[in-house]
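Given next are the chains, with one letter for each unit.
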Amino acid sequence: MEKALPPAEELRLIDRELVQLDAHRARLLARRAWLLTALRAAGPAPGPARSQGTAAEASPPSAQNVLLALGGILLTIAAVAFTVVSWGHMGIGGRALVLGAVTVTALGTPLLLLRHKLVSTAESVAALGLVLTVLDAYALRRAVLPGTDALAYTAVAAGVLAAVWAGYAHAARGLRLPLPGAVVAGQLPLPLWALSAGGGPEAAAWAALATAGLDAVVAFTARRRAVRVPAVVCAVTTGGWSLLTGLWLSVSAASPADSAEPAMLLLAAAALALAAAWRAPAAAVATAALGGLAVVAAAGGVLRAAVPSGWAVPAYLLCAAALLTAVRLRAPRGVLTGLAAASGLVHLGSVLWAAPIVLLGLTRPAAVLGDVWGGPSAPDAAPPGAATAPVVLAAVAVALWAAPRLLPAVPLPRPAGDCCALALAWSAAVAAPVALALPLGPALAVLLSATAATVALAARPSPAAVLPPTGRAAPGTPRTAGRAADGTAAAPEAAAPPHTATAPAGAAPHPARPATDPAAHGHAPPEAPGRTVRPTSAPGGQAGAAGAASPAVRPELPSHALEPLHAMAATALVCGLLSAAGAALLGLATRPATFTALGVLVALGAVAAATARGLVRTVAACATVVGTAGLVAASAAAAELPGHRVGLALLAVPAAAALLGARLGRHPVAPAVEATAAAVVPVAVALAVPHPPTLALVLALAGVVAAGTAVRAERRPLAGYAAVALFVAAAWVRLAASGVGAPEAYTLPVTVPALVVGALRRRADRSASSWTAYGPGLGATLVPSLLAAWGDTDWPRPLLLGLAALGVTLAGARRRLRAPLVLGGLTLALVALHELAPYVVQVADALPRWLPPALAGLLLLAVGATYEQRLRDARRIRETLGRMR
């Protein structure tokens, strides 16, 4: 810790510092005086520096610009008012003199201002001069040429003004406004001249397209951004207007001859767009996509006029598919991407056009539910243009499948494209019955065929559908010469190792399996859904010869192909389930169709469950169970059995599933099959509800099935409880159907098994509480019987209940069990109170009125006198009960 200086020493230090500060201040003052003298000799002294807190709200340049803009606006308003209002009060000489003088002054002043570096003032005055030239043209039209055509005069005036402004910009190079103004004015001459010459929309569109081409040339050649931006905006505006006009004319053309001129216009617009995309890489994708759409619209418009009205969408789709092949040309990647995007947009629009037909094909079979087995209804008329929906969907599916294989430049992910192609092909099959208005038989055959194809693909997805095409490296693998896809050195085919399968001609050779391959150590590779991956090596190390001699030997799937296989299997599975549901609903129209549809679906599900793997196998097995239940119900209904008997027949499904589950054991499919079959039980119960005796039988048989399932250790917990609940419910329903009203008849079937289970648990676990073991069983009978005894005026029920409660109490005291002792004692006390209540009431009526208060007082005195003893007795009873289980 520092010590404080003595006062005298500290005073000397302070004086020394002050002397140094005074000397430094004197030096600064002398320097300031010299600087002021030098500044006075050079010119006026600058003002004091402005602090940040007192900064001006507007900088001098911005304030100057605002003032100049306001002044220019006021002068422009004055000039317009003079030209429009006061023009008629002057003679022709005065008019020419005033306008000419003002315009020449307004255009010449900026040249002088630029020499004095007053750029902002020059810009404002130049803007006024440009407006005055427009007013000059207007005044010339009114005063000298009143009879000329307005459109023709405006076109000529706009062209002259554009040329004058461009020349003025060249003369006054420091001004930024005249040249963009010339670009804007140049948009009017050609379209207005075409309209004034009597041309229709086609001529105006051609003129606008030519103007857009000139704008594009200006945009690409101009060096100043102030000129490029207006040129681009004007090119987009005029080009877009001509493109929309050509599209409208193409769509409204009634014959191929009428659509020829709009097609030429669209092709010219497409050429301009593609040229712009080639020159401007930043906007190449959007511009090339616009050009590609124009090409499709041009060619499709001609085809649309030549084909029937229902084939318009396929015509445009054909042109889009042809455009897709253009990506094989040598062009910048942005241009190729834009063309591919244009083709993709047309394909997407075609799919959206056909989507309502597919939705109708999926939902129309549900209409049969209103009249099951009522006979086939007449096929509804197909919506307009729906006949070509399957063709459109199939064509898009083929394009999605073939594009990434045949056109490497198309940026389309393979798994997603293949899955979409599969979904679209399936959609084409689903839409066919609606589009062609097929009757019941052919429509059902189409849906069943679609289901069979998708289920087969889900069960065994083909690796060829997802593996990379020949000559292309797989995604994520390096394309290094002399090396295999996994990075190992690839030996020539003639010198292939003995354990490498020889690839067919034109195919990429398959590398030898590394030493770290899991299959070499007895571990199977990952399993794709619905397919088992097999190794390629043959016994004896002769896999190469075996692969060359036997085409049955398949190459091992690479790791990158497993996920696409999963995606393909999942897509096929979803499609198959949807079409299977539609076929099942459609088959309800007639009895033979029902058995045909359900039989085929059950057979397909069984085959898929036997051949598929993973999730596909599980779903197929569950679908087979559902189809079997439908077959059983249809068979019972065909036999004209009543509804409750149909529910009884449905129990054959969970019984068969239980037997199959016992046969499968711990197979991963077994739980799903048994759970699906168990879902049939509520349906059977619901069908049997109107007939209570049959309902009791259904519940009992379901309990038997559950009890049989509970024999297996892995199903015992859930199936055991379900069996008990079903047996109890069956007993209750049977008693209610027989008119039994005694509660003991319903509670004793629950109490006896519960007490047996509690005794077994206590035997296995001596630490288990008696409330857990015996409480539920005893309470299930004692509480309902006690409530019934309190409302019973006869003596047998209270007597039997009292004896039972006495036995339970004595058993609880003998075994030192808390639950039987408490429940039995409370029940016995309440039964005794119920029996003694009438006599107590009679005695109370016979006693004097003063005797009850006196007895209550004596009781309170006795309790108070022996309070401590009663507390000790209560603690002793509590401790005794606490020691009980």
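Everything that follows concerns the structure shown earlier in this document.
Keep in mind the model is a prediction, meaning the values are calculated, not measured.

A. Representation of the overall build of the protein chain. The helix and strand tally for the protein chain stands at 33 helices and zero strands. For the protein chain, with 885 residues in total, the buried portion stands at 35%. Expressed as a percentage of contacts within the protein chain between residues at least 6 apart in sequence, the contacts between residues at least 24 apart total 68%. Roughly 49,100 Å² of accessible area belongs to the protein chain as shown, and the carbon and sulfur atoms make up 71% of that amount.

B. Representation of the side chain of arginine 617 in the model. Relative to the assigned elements, arginine 617 resides in helix α20 (residues 614–638). Classification of arginine 617 as buried rests on a relative accessible area of 17%. Leave out the neighbours within four places in its chain, and arginine 617 touches Ala609, Ala612, His667, Pro668 and Val669.

C. Expanded view of the nonpolar core. Residues Leu651, Val653, Val673 and Leu699 are the most contacted members of the largest nonpolar core, which totals 24 residues. Sort the elements by how many residues they give to this core and helix α25 (residues 692–710) lands first, with six residues. Discounting residues that sit within four places of it in the chain, valine 653 has contacts with Val625, Thr628, Ala629, Val632, Ala677 and Val680. Of all hydrophobic cores here, the second largest spans 18 residues; its members include Val368, Leu444, Leu448 and Ala580.

D. Geometry of unusual backbone geometry. Of note, alanine 437 is a non-glycine position whose phi angle comes to about 55°, a positive value. Take alanine 437: it is sitting in the loop between α15 (414–435) and α16 (440–459). Its relative accessible area of 27% is what places alanine 437 among the partly exposed residues.

E. Main features of the state of the cysteines. This model, assessed by the stated rule, comprises zero disulfides. Counting only cysteine sulfurs, cysteine 419 is the nearest neighbor of cysteine 420, a cysteine outside any disulfide, at a range of 6.9 Å. Cysteine 575 takes part in no disulfide bond, and the closest cysteine sulfur, belonging to cysteine 419, lies 9.4 Å away. In this structure cysteine 575 comes out as buried when scored by relative accessible area, which is 6%.

F. The arrangement of the environment of arginine 173 in detail. Residue position: arginine 173 is located in the loop between α5 (150–171) and α6 (178–185). Assessed through its relative accessible area of 60%, arginine 173 is described here as exposed. For the pair arginine 173 and leucine 111, spaced 62 residues apart in the sequence, the C-alpha separation amounts to 9.3 Å.

G. Highlighting the side chain of serine 427. Checked against the element boundaries, serine 427 lands in helix α15. At 2.7 Å, the side chain of serine 427 and the backbone oxygen of alanine 423 are in polar contact. Setting aside anything within four residues of it in sequence, one finds serine 427 in contact with Val358 and Leu393.

H. Spotlight on the environment of serine 449. Its place among the elements puts serine 449 in helix α16. According to the relative accessible area criterion, serine 449 is partly exposed, its value standing at 46%. Counting along the chain gives 20 residues from serine 449 to alanine 429, while the straight-line C-alpha distance between them is 8.6 Å. Polar side-chain contacts of serine 449 include one of 2.7 Å to the backbone oxygen of alanine 445.

Parameters at a glance
- Residue numbers restart at each chain and count upward from 1, following the sequence in its written direction.
- The predicted origin of the model limits local features to residues at a pLDDT of at least 70 and limits the giving and counting of side-chain atom pairs to 80 or more, whereas totals for whole chains, interfaces and linings rest on all residues.
- The basis for every side-chain value is the complete set of heavy atoms in the structure, and neither hydrogens nor water enter the calculation.
- Numbered from the N terminus, helices here are DSSP runs of H or I no shorter than four residues, and strands are runs of E no shorter than two.
- Each residue is assigned to one of three classes by its accessible area relative to the maximum for its type, calculated with a 1.4 Å probe on protein chains only: buried under 20%, partly exposed between the two thresholds, exposed over 50%.
- Note on definitions: a residue-residue contact is assigned when non-hydrogen atoms from the two residues lie within 4.5 Å.
- Residue exposure ignores everything except the shown protein chains as possible cover, and the areas themselves are Shrake-Rupley values with a 1.4 Å probe.
- As used in this record, nonpolar core signifies buried Ala, Val, Leu, Ile, Met, Phe, Trp, Tyr and Cys residues forming a set joined through side-chain atoms within 4.5 Å.
- Disulfide assignment relies on a single distance test, namely cysteine sulfur atoms paired within 2.5 Å.
- In protein, a polar contact means a hydrogen-donor-capable atom and an acceptor-capable atom, both N or O and within 3.5 Å, with residues adjacent in sequence counting only if both atoms are side-chain atoms; elsewhere, any N or O pair within 3.5 Å suffices.

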